[in-house]
Amino acid sequence: FKAMFATVREHGSWEKWLATAREVRGMSTTARIILAASFASVLLEPLNCLPFFVHLWGVDSGTGKTVALMVAASVWGDPAVGAYVKTFDGTVVGQEKTAAFLNNLPLCLDELQLAKDAKGRTQFDVYKLAQGVGRTRGNRSGGVDMTPTWRNCILTTGESPLTGTASGAGAVNRVIDIECKAASVVIRDGMRISGSVKRNYGFSGKRFVGELYKPGVISKVDERYRELFR
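The following paragraphs examine the structure supplied in this document. Source: prediction; values computed, not measured. (Residues numbered from 1 in each chain as written. Predicted model: local features only at pLDDT ≥ 70, side-chain atom pairs only at ≥ 80, totals over all residues. Heavy atoms only, no water.)

### Comments concerning the overall build of the protein chain
Argument step 1. A tally of helices and strands in the protein chain yields 11 helices and five strands.
Argument step 2. Rg of the C-alpha trace for the protein chain: 18 Å, near the compact-globule value of 17 Å for 230 residues, within the 12% margin.
Argument step 3. Principal-axis analysis of the C-alpha atoms gives the protein chain an extent of 55 × 50 × 40 Å.
Argument step 4. With 230 residues in all, the protein chain has 44% of them scored as buried.
Argument step 5. Taking the contacts inside the protein chain whose residues are at least 6 apart along the sequence as the reference set, 77% of them involve residues at least 24 apart.
Argument step 6. If you sum the accessible surface of the protein chain, you get close to 12,200 Å²; carbon and sulfur atoms cover 54% of it.
Argument step 7. The centroid of the 30 positive side-chain charges in the protein chain is displaced by 3 Å from the centroid of its 21 negative side-chain charges. (Helix = DSSP H or I, 4+ residues; strand = E, 2+ residues; numbered from the N terminus. Rg over C-alpha atoms; globule rule 2.2 N^0.38 Å. Buried < 20%, exposed > 50% of the residue type's maximum accessible area, 1.4 Å probe, protein only. Contact = heavy atoms within 4.5 Å. Areas by Shrake-Rupley, 256 points an atom, 1.4 Å probe, with all protein chains shown as cover. Lys, Arg positive; Asp, Glu negative; His and termini not counted. Charge placed at Lys NZ, Arg CZ, Asp CG, Glu CD.)

Here is the structure:
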């Protein structure tokens, strides 16, 4: 995971990132949701919550789904696709191990359609990541490998919803599926925004965690969460 580890760093200007993030938040509610979910990832552990998905989907191109995912990733590190942002073109074991490595930081996966089999069926199981626990696997020496665990939110994009009619209630409850249409784009001027977050990233996540773990803050957050949950 050396390459993944190296993507989580500060680069460029904090002020420029902040100006871009403020502009993006003003573009659509969906952009605000996915950016908030990126920060929310580190709240799951102290609040003892289970992982959840925020999935942006739509068949129209140019709605800004991938750019929105990059903005969310830029909270923590290098948002380029292939750097912090991964695609669905990977194995279940690979996704589990990446989620476990990130632990509390959000897992960002682009292009759900890459997870389809030869018959066009989506080979992706929400439960496998939403449980926050990987499979128990034996190893060659007759023992058992350490079971991977994670407590984060999973931010994804694709051309179809993540949950379908065949999904169980548990899976539906873990996924915020947001349809993105050409009539109401998530992010405008995607080339400029993506260029900006590729040059300036990694500041706000560190600052957010620094504030979160100051004395007394977690208990206030916990209180507020229970209020909202009720």
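### Section: the pattern of salt bridges
Argument step 1. The full count for this structure, using the stated rule, is five salt bridges.
Argument step 2. Residue Asp222 is joined to Arg226 by a salt bridge in which the shortest nitrogen-to-oxygen separation is 3.2 Å. Here the residue Asp222 and the residue Arg226 both occupy positions in helix 11 (residues 217-229), the gap between them amounting to four residues, near one helical turn.
Argument step 3. With a closest N to O distance of 3.0 Å, Glu227 and Arg224 form a salt bridge. (Salt bridge = Lys/Arg side-chain N within 4 Å of Asp/Glu carboxyl O.)

### Section: the packing of helix 2 (residues 14-25) against helix 9 (residues 190-199)
A pair of packed helices can be characterised by two numbers: the angle between their axes and the separation between those axes.
Argument step 1. In contact at an axis separation of 9 Å, helix 2 and helix 9 are set at 145° when each is read in the N-to-C sense. In terms of crossing hand, the pair formed by helix 2 and helix 9 is left-handed. Contacts between helix 2 and helix 9 involve Lys16, Trp17, Thr20, Glu23 and Val24 on the former and, on the latter, Arg192, Ile193, Ser196 and Val197.
Argument step 2. Residues of the contact of helix 2 with helix 9, tallied by class, amount to four nonpolar, two polar and three charged. (Axes fitted to C-alpha atoms, helices over the stretch in contact; angles between N-to-C directions. Left-handed = near helix turned anticlockwise from the far one by under 90°. Nonpolar A, V, L, I, M, F, W, Y, C, P; charged D, E, K, R; others polar.)

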